[in-house]
Amino acid sequence: MSSQAELDKLIRSDYEAGFVSAIESDTLPPGLNEDVVRFISQKKGEPEWLLEWRLEAYRKWQAMRLPAWAHIKHPPLDFNEVSYYSAPKSMADGPKSLDEVDPELLRTYEKLGIPLHEQEMLAGVAVDAVFDSVSVGTTFRAKLLEAGVIFCPISEAVHEYPELVKKYLGSVVPQGDNFYAALNSAVFSDGSFVYIPKGVRCPMELSTYFRINEAKTGQFERTLIVADEGSYVSYLEGCTAPVRDENQLHAAVVELVALPGAQIKYSTVQNWYPGDAEGKGGIYNFVTKRGVCHDNAKISWTQVETGSAITWKYPSVVLRGDNAVGEFYSVALTRNKQQADTGTKMIHLGKNTRSTIISKGISAGGSSNAYRGLVRISPRAENARNFTQCDSLLLGDQCGAHTFPYIESRNPSAMVEHEATTSKVSDDQLFLCRSRGIDPEKAVSMIVNGFCKEVFKELPMEFAVEAGKLLEVSLEGAVG
Amino acid sequence: MLDIRNLRATVAGEEILKGLNLSVKPGEVHAIMGPNGSGKSTLTNVLSGRDGYAITGGEALFEGRDLAELEPEERAHAGLFLAFQYPVEIPGVSNLEFLKASLEATRKAQGKEPWDAVTLLRHARETCKQVDLDPQFLKRGVNEGFSGGEKKRNEIMQMLLLQPKLALLDETDSGLDIDALQVVARGVNSLRSPERAIVLVTHYQRLLDYIVPDYVHVLANGRILKSGGKELALELEQRGYGWLTGEEEASA
Amino acid sequence: MSATAQEPLNVQLKQQALALARAGLREDALQSVRRDALALLEHTEFPDKRTEQWKYTSLQALTAGHLTRVARGNGASLPAPLATHRLVLINGHYQPALSQLPDSITLTRFDGSRALAAETASDTLRTPFAWLNNATLTDGLQLDIADNTVVDAPVEVLLLATDDAPSHCQTRLRVQLGHHSRATVIERYAATGPVLTNAVTELVAGAGSQLTHYRLQAESPESLHIGTLIIAPGRDSNVHSCQLMQGNVLRRNDVRAIMAESGASLALNGIFVGRGNSHIDNQITVEHRVPHCHSEQLFKGMAGDTAKLVFNGRIHIFEGAKGTNAELSNKNLLLTPGAEVDTKPELEIYNDDVKCSHGTTCGQLDAQSLFYLRSRGIDAAEAKRMLGFGFVNELLGALPDQAVAEWARPWLEQALTEAEPAK
């Protein structure tokens, strides 16, 4: 019995979030031009400055070229085949509370394990649910406001907290930062806005659940989290999409601002539809995530990436202030024909800044999994420290595992360490498990979970369990 | 319990076992001795079902079931246990987690009630003490960074928790100092009972001072050349293997 | 300056290279090699800042027009030899009168009198500079060591570049070791004046052979060097290549090891020291194309003053290359503020049955060790020098050839001493 055959069997498991919800939508016809940008802005009743901001981004985007440096392959993207706005019809009048939300929408989220009725929710977790281009509901808003915490769709924040939005939008990821960020800046539809006031420890976990439903639409959400001095917030995002034969585009931007002494913990469980075993369909996930850390602040990114046909994302931290801390913990699992090019950037500008990067890539089937990272130590970053550990686990001989770490050091008192290994689940390890009565499937999932443990322990408790299960499901039928 | 009849096996196309016969009954302790390259490890690997070892003739029956038909985990569920000569490391998977998975699957297959977490932990801790391992080892990765002696004791601990019907110990004594050897022997002896059998595969006689076998077999060139009582081991210790294999000069 | 001075530098360089290549065309046994290279040059762009492989290295120094003038100087005195047998090339041209060849080696010149082995073909080479070398190939050496031959003493090949104006020379060396033979070759570059050496070296080791190769690059600080090294180890061969480099105005080394025959084993080591305003860029690729090869790399870099070190070490495991064992370690010391290290160890793996790892560090001398030495009365500069030397000793101590080690020690000591900041 070859372990490879068992592995192959295990790799072919189904995508559980692949259903389509029967929701009538207002969807803009495919195509992108200034009018589309104006339409989106108008639809949201945005102020003039934001429309101008979007148009500026659109013009920058037009002058940019599609990035070609990532270790991914895909047919040329036609940005005129994508619809840039889709909203459930029932949302047109804007339900005032969760009770008014279309029950079909609520059922969609229930089916995904995200009940939006507050009484049924995981205690201590507030959810903003984004369906295609709009937020359909945010739970626990009132309770959060008591603590001074603002958690609402960004489209609302534009109206209700214009100074905050104006001050921080684009302050971390400028409109022209890169091709996809520029596109997002022009057409972003919704997303979450979070503000934690000075010295406040956010009383519950905040989370946003993204769902793409409509065919031929792109999702371009924008998340902005501002943690004022000495505050703390833990935020989680989850993503799924229906099974569809064509590729769908997701180009999000996430900006984090950690003011002096603040801490932001941002966790992602990304399970967009990955395409089928032959590589047909799936989400193209081109995401820009970046945080700025001021003096004594800390930003920690944790991601578990199992979905998407293509993942292109590099959650980064600009360690601007002295003693700032940046962390990146990542598990990326690719199988079938999935491609991932993911990693992080740690830009050390302040003195005594510290960063830790732990990346675990698991490749199976005919997939390609690349870590790409940058650690930059500026001349001013006295005593900066970075430690990077970057491991790849291969399940099968048809897949690829790659590591591209860029290290740039311009300060002699800084210390940068990078280690990387590549290994497979060895026959000996499997045999030991099997000799102790553990079936191969369970054995592989144990070994893979063990491989990812350093990252899982960074996730909030409930989600660590979820992530482990997700990995198990993704590996079902995949042993090595 | 274990009936090996005219067993032939190849590794990478080369015949290593050339018609081996062995019969083990419940309650018995057998020692299989032999020079390097005689086929000792091949025998244990074939019995436990490792990839790359092909049975080309004869059969090995465990309680009447043909072992060749069983997957490694099914052999474990049936009550067969192999203590490895070189236990592998599994980074990130804690010993406890590993034991839990192993015991859950095995007890389920055997129709026993699963242990809850508290019971498991209690048993695991007690067994740790029994083999002189700090219970802290339960939290560490399977064999990760263990010394040679610790790995061997870890094997014995697993054996004691799984309570197999037949334990195969592959050179479990090699690389152990005298204290560790006694700990291992104590563990093995505690498993001796009228329902269980133990097969010790060893190169040295000294293990047999602590685990006294009922039968000793000499394996050479893929066959059992001679069988006898525990006194045969002493004779081997004094005279080497050469007088049996007819290679007086070459024996070490 | 010509009208093309307004063009971007990479366009100017291309035009200069094409002019050289076209002027070099002639009808002889090497004409197809030159033509192929010219065709490649015509269809390629010279690198600029946007070229990924040249991200950290600017060719700005070449605006002085090095490619428009061929180095002609011959005034330089030769450094003392490192081996009994030495072959000398000045500005890329073989000097029989200054050379002495051991009996066990057959020498061929790339003078167009005969065709060359396929490995010299341009498609093995990867940079426009290496193609330029092929396109202008008119001299240089091929050393052949017959099968089953042991060359006891090391053979030194001295490649001297000299001129007092910005200019260039093309150097070419090919070592072909027969099966089950053994040899040590010291490839040594020296230069005086602002000359660009554009070098291509090929090492071909036959089945079961053992090749020890040194590449010593301690040219003068005002010189420039752009080099390509191709290593092709044969079945079950053992190749050890050690590079010792000192920074100059521009040093760029592209090393490509092609593990295309199984059982081959490669050790690739290097020490690179940059001081003053010098620049060193190492681009190392080890390609594992077949099963059961082993490669091990250890590179140590030190940068002082405002020097810039670049290291890119890529391990590429091809589909089917089972049982590969590949390791890479790159350790760097930043000696002073102002210095810069940019390093990228890459893994590109298309097979699961492999053992691969890489590690890289970048930092300063250990503060505790420094303090310990100083508390014993050693001044800070001396303590730093000692520790820096200790840092590279791991490699130096392992050099199989004494003469090279003895040559390297004072050179490194000097480099380390001078790297002290002039605060």
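What you see is a predicted model, and the numbers here were worked out from it, not measured in a lab.

### So, the packing of helix H2 (residues 34-43) of chain A against helix H3 (residues 48-62) of chain A
All names here are of chain A.
Point 1. Packing of H2 against H3 brings their axes to within 10 Å, and their N-to-C directions diverge by 150°. In this view, H2 runs roughly antiparallel relative to H3, as classed from their interaxial angle. In this structure, H2 crosses over H3, and the sense of that crossing is right-handed. Contacts from Glu34, Val37, Arg38, Ile40 and Ser41 of H2 reach H3 at Leu51, Arg54, Leu55, Tyr58 and Arg59.

### Quick notes on the packing of aromatic side chains
Point 1. Counted by the stated rule, this structure contains 25 aromatic pairs over all chains.
Point 2. Arranged with centres 5.1 Å apart and planes meeting at 85°, the rings of Phe179 of chain A and Tyr180 of chain A form a pair that is edge-to-face.
Point 3. According to the relative accessible area criterion, Tyr180 of chain A is buried, its value standing at 1%.
Point 4. By way of ring pairs, the aromatic residues Tyr58, Trp61, Trp69, Phe79, Phe179, Tyr180, Tyr284, Phe286, Trp312 and Tyr314 of chain A are connected into one cluster.
Point 5. The ring of Phe188 of chain A carries the charged tip of Arg54 of chain A above its face, separated from the ring centre by 4.1 Å.
Point 6. Sitting above the plane of the Phe110 of chain C ring, Arg172 of chain C keeps its charged end 5.8 Å from the centroid.

### Here's the deal with the interface of chain B and chain A
Point 1. The interface of chain B with chain A comprises 31 residues on the first partner and 20 residues on the second.
Point 2. Across the interface of chain B and chain A, roughly 2,100 Å² is buried in total on both sides, 61% from carbon and sulfur atoms.
Point 3. For the interface between chain B and chain A, the tally reads five salt bridges.
Point 4. Close ionic contact of Arg436 of chain A with Glu155 of chain B constitutes a salt bridge, the shortest N to O distance being 2.8 Å.
Point 5. Where chain B touches chain A, the interface holds eleven residue pairs in polar contact (both at pLDDT 80 or more).
Point 6. At the level of elements, helix H2 (72-78), strand E6 (80-83), strand E7 (90-94), helix H3 (95-109) and helix H5 (148-162) of chain B are the ones that each hand at least two residues to the side of chain B that touches chain A.
Point 7. In terms of residues, the side of chain B that touches chain A owes the most to one element, H3 of chain B, which gives six residues.
Point 8. Counted by class, the side of chain B that touches chain A contains 15 nonpolar, nine polar and seven charged residues.

### Concerning unusual backbone geometry
Point 1. One non-glycine residue, Asn323 of chain A, lies in positive phi territory at about 60°.
Point 2. Within the secondary structure, Asn323 of chain A is located in the loop between strand E16 (316-319) and strand E17 (325-334).
Point 3. With a phi angle near 50°, Glu171 of chain B is a residue other than glycine that sits in the positive phi range.
Point 4. Along the chain, Glu171 of chain B turns up in the loop between strand E9 (166-170) and helix H6 (178-191).
Point 5. Owing to a relative accessible area of 9%, Glu171 of chain B belongs among the buried residues under this scheme.

### Description of the confidence of the model for chain B
All names here are of chain B.
Point 1. Taken as a whole, chain B shows an average pLDDT of 87; of its residues, 97% reach a score of 70 or greater.
Point 2. Predicted confidence is poor over residues 248-252, with pLDDT under 50, and the contacts of this stretch with residues over four places away or in other chains come to four contacts.
Point 3. With a pTM of 0.83, the predicted complex shows an ipTM of 0.85.

Conventions used here
- Residues numbered from 1 in each chain as written.
- Chains lettered and ligands numbered in written order.
- Predicted model: local features only at pLDDT ≥ 70, side-chain atom pairs only at ≥ 80, totals over all residues.
- Heavy atoms only, no water.
- Axes fitted to C-alpha atoms, helices over the stretch in contact; angles between N-to-C directions.
- Helix = DSSP H or I, 4+ residues; strand = E, 2+ residues; numbered from the N terminus.
- Parallel < 35°, antiparallel > 145°, perpendicular 65-115°, else oblique.
- Left-handed = near helix turned anticlockwise from the far one by under 90°.
- Contact = heavy atoms within 4.5 Å.
- Phe/Tyr/Trp six-rings, centres within 6.5 Å; stacked < 30°, edge-to-face > 60°.
- Buried < 20%, exposed > 50% of the residue type's maximum accessible area, 1.4 Å probe, protein only.
- Lys NZ or Arg CZ within 6 Å of the ring centre and 35° of its normal.
- Buried area = accessible area lost by both parts, 1.4 Å probe.
- Salt bridge = Lys/Arg side-chain N within 4 Å of Asp/Glu carboxyl O.
- Polar contact = N/O pair within 3.5 Å; in protein donor to acceptor, adjacent residues only side chain to side chain.
- Nonpolar A, V, L, I, M, F, W, Y, C, P; charged D, E, K, R; others polar.
- pLDDT = per-residue confidence, 0-100.

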